[in-house]
Amino acid sequence: MTKKNLLIVSLLFVSIAYSQEKWTLKKCVEYALENNISIKQNALNISLSERDVAITQGNFLPSINASSSGGINSGLSPDRSGVLKNTTNFNGRFNLSVNGTIFNGFRNLNSYKQAQLGIEASKLDLEKAQNDVSLFVVNGYLNILFAKENLAVARVQAEISKKQVEAASQRYEAGITAKGDLLNSQSTAANDQQNVIARENTLTIALLNLAQLLQISSVGFDVENMEVNTPSGLLLYETSDVVYEKALTNQPQIKSAELGIQNADLNIELSKGAFLPSLSYNINSGTSYFNQLNNLFPGQNNEYFFKQVLVDRVTYGMSVSLNIPIFNRFQTKNNVAKSYINRELSLLNLDNQKLQLQQTIEQAFADAKAAAKTFEAATISLKAQREAFKNAQESYNLGASTLFDFDLVRTRLVSAESALIRAKYDFVFKTKVLQFYYGNLNLD
């Protein structure tokens, strides 16, 4: 076997072993948080915000620029005696300037503070994206467990139907029952087998959906089962207000709205800064070089480049500029007014975020309580239906009841089992939602 083929086989075995590993809920969430593209994009936005801070920091520093120019001109120019003669001259110029701001109405300082808020806002956006992905993964995981239990129930029912067909066939061959009972048993068995296929497909789709959310191959992908005990009042928080008060301190959308108010305050200060005068400075130095290319003047030579540039033609300068705003068509006044309006909008946005959070938590709390009660009722109902099915099965086997009566009892059992499964995972998910808002989401 070549090295290339050996490498391919090794990678194949590793891939198979990796795909056959069953994923826990915690592993699914952790993997999604590490590899989800949306989360990675939000993480890069933090890096962009950090660059914005660095840019605003640079506004406090002076800018330094160098320039040079050169040109040749030809024509009449005076010699030392003042006589005009045709000459060709080269003129070069070199400049270095330093420009900076001394005061500009605190706009540099407030821009820097805004950029720092931008980092915090980007971090909160990342946190919200992580929260959303976590809930999506939890929901997808529970959908798989729900589909698995439904499939298990369907297979049990299909096996029961298979045994009923065998029993009905024996009774028919013994002349105890009519052929119609056998045909009804076969029809029920066929329907149950179709139900198994349908629920297998549902499970496949649920696995595919979670694998796609994790952005991995669905081939061989599977998850660990999660034990769900009968719920009790201890699993729920005392009131929705308890969860809400805690959520106000940990939910990123609330913190982000609060940052929006701080940002609006800085925008007001930035707008007001345009009313104030600005003061800037300029420091410059320059030098030049002159060369008469055709060297018409007696005694003149072109060997004094460094002497000209470094000594004879060096100039220095410094200036300070003061700009006092007097009238700018009410632009500054209106910008300040707009900043105050935007602050009111930020306050309303915070109120709206709090209201939405409170309504969401109240609904989640009510749903969790209802799901717990539904789960308890479904558990009691299933227990009763199992006893009824056991009695009906014995009665049917003894010939004391008809197949129609037996199927009615079995149908009620199937419905009770499905109701319990549905209530169980509905309760689990709604409990996870409350844990999420409280800030202690349990992934074990």
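All of these numbers come straight from a predicted model, not from anything done at the bench.

**With respect to the overall build of the protein**
And step 1. Tallying secondary structure elements over the protein gives 10 helices and six strands in all.
And step 2. In the protein, buried positions account for 35% of the 444 residues.
And step 3. For the protein, long-range pairs separated by at least 24 residues make up 82% of all intrachain contacts whose partners lie at least 6 apart in sequence.

**Things to note about the confidence of the model for the protein**
The predicted structure's coordinates, where accompanied by low pLDDT, should not be read in detail.
And step 1. Confidence in the prediction for the protein averages 87 pLDDT; 90% of positions are at 70 or higher.
And step 2. A low-confidence stretch, residues 3-19 (pLDDT under 50), is modelled with seven contacts involving residues beyond four sequence positions or located in other chains.
And step 3. Per-residue pLDDT stays below 50 along residues 296-300; that stretch engages in 12 contacts with residues further than four places along the chain or on separate chains.

**Here we look at the side chain of Thr-332**
And step 1. Structurally, Thr-332 can be placed in helix α9 (residues 331-397).
And step 2. The contact partners of Thr-332, leaving out residues within four places of it in the chain, are Ser-271, Ala-274 and Phe-275.

**Quick notes on the packing of helix α4 (residues 107-173) against helix α5 (residues 179-214)**
And step 1. One way to put it is that α4 packs onto α5 with a least axis distance of 8 Å and a crossing angle of 165°. When the axis of α4 is compared with that of α5, the two are roughly antiparallel. Regarding α4 and α5, the two cross each other, and that crossing is left-handed.
And step 2. Of the residues belonging to the contact of α4 with α5, the class tally is 21 nonpolar, 13 polar and seven charged.

**Things to note about the nonpolar core**
And step 1. Membership of the largest hydrophobic core comes to 55 residues, with the highest contact counts inside it found for Val-137, Tyr-141, Ile-144, Leu-210, Leu-214, Phe-221 and Val-223.
And step 2. It is α4 that contributes the most residues to this core, 16 residues altogether.
And step 3. If sequence neighbours within four positions are ignored, Val-223 has contacts with Lys-22, Trp-23, Tyr-141, Ile-144, Leu-145, Lys-148 and Leu-210.
And step 4. Formed by 18 residues, the second largest nonpolar core is a distinct cluster that contains Val-243, Ile-254, Ile-261 and Ala-364.

**A closer look at the packing of aromatic side chains**
And step 1. Per the stated rule, a full pass over the model turns up nine aromatic pairs.
And step 2. For the pair Phe-60 and Tyr-112, a centre-to-centre distance of 6.3 Å together with 80° between the ring planes defines the contact as edge-to-face. Here Phe-60 is found in the loop between α3 (37-58) and β2 (63-78), whereas its partner Tyr-112 is found in helix α4, with 52 residues between them in sequence.
And step 3. Centre to centre, the rings of Phe-103 and Phe-106 are 5.0 Å apart; their planes meet at 90°, and the pair counts as edge-to-face.
And step 4. Classification of Phe-103 by relative accessible area gives partly exposed; the value is 28%.
And step 5. When its relative accessible area of 48% is taken as the criterion, Phe-106 is described as partly exposed.
And step 6. Taken together through their ring pairs, the aromatic side chains of Trp-23, Tyr-31 and Phe-221 make up a single cluster.
And step 7. Residue placement shows Lys-27 over the ring face of Trp-23; its charged tip is 4.4 Å from the ring centre.
And step 8. One residue, Lys-246, lies across the ring of Tyr-438, its end atom 5.7 Å from the ring centre.

Conventions we followed
Residues numbered from 1 in each chain as written. Predicted model: local features only at pLDDT ≥ 70, side-chain atom pairs only at ≥ 80, totals over all residues. Heavy atoms only, no water. Helix = DSSP H or I, 4+ residues; strand = E, 2+ residues; numbered from the N terminus. Buried < 20%, exposed > 50% of the residue type's maximum accessible area, 1.4 Å probe, protein only. Contact = heavy atoms within 4.5 Å. pLDDT = per-residue confidence, 0-100. Axes fitted to C-alpha atoms, helices over the stretch in contact; angles between N-to-C directions. Parallel < 35°, antiparallel > 145°, perpendicular 65-115°, else oblique. Left-handed = near helix turned anticlockwise from the far one by under 90°. Nonpolar A, V, L, I, M, F, W, Y, C, P; charged D, E, K, R; others polar. Core = buried A, V, L, I, M, F, W, Y, C linked by side-chain atoms within 4.5 Å. Phe/Tyr/Trp six-rings, centres within 6.5 Å; stacked < 30°, edge-to-face > 60°. Lys NZ or Arg CZ within 6 Å of the ring centre and 35° of its normal.

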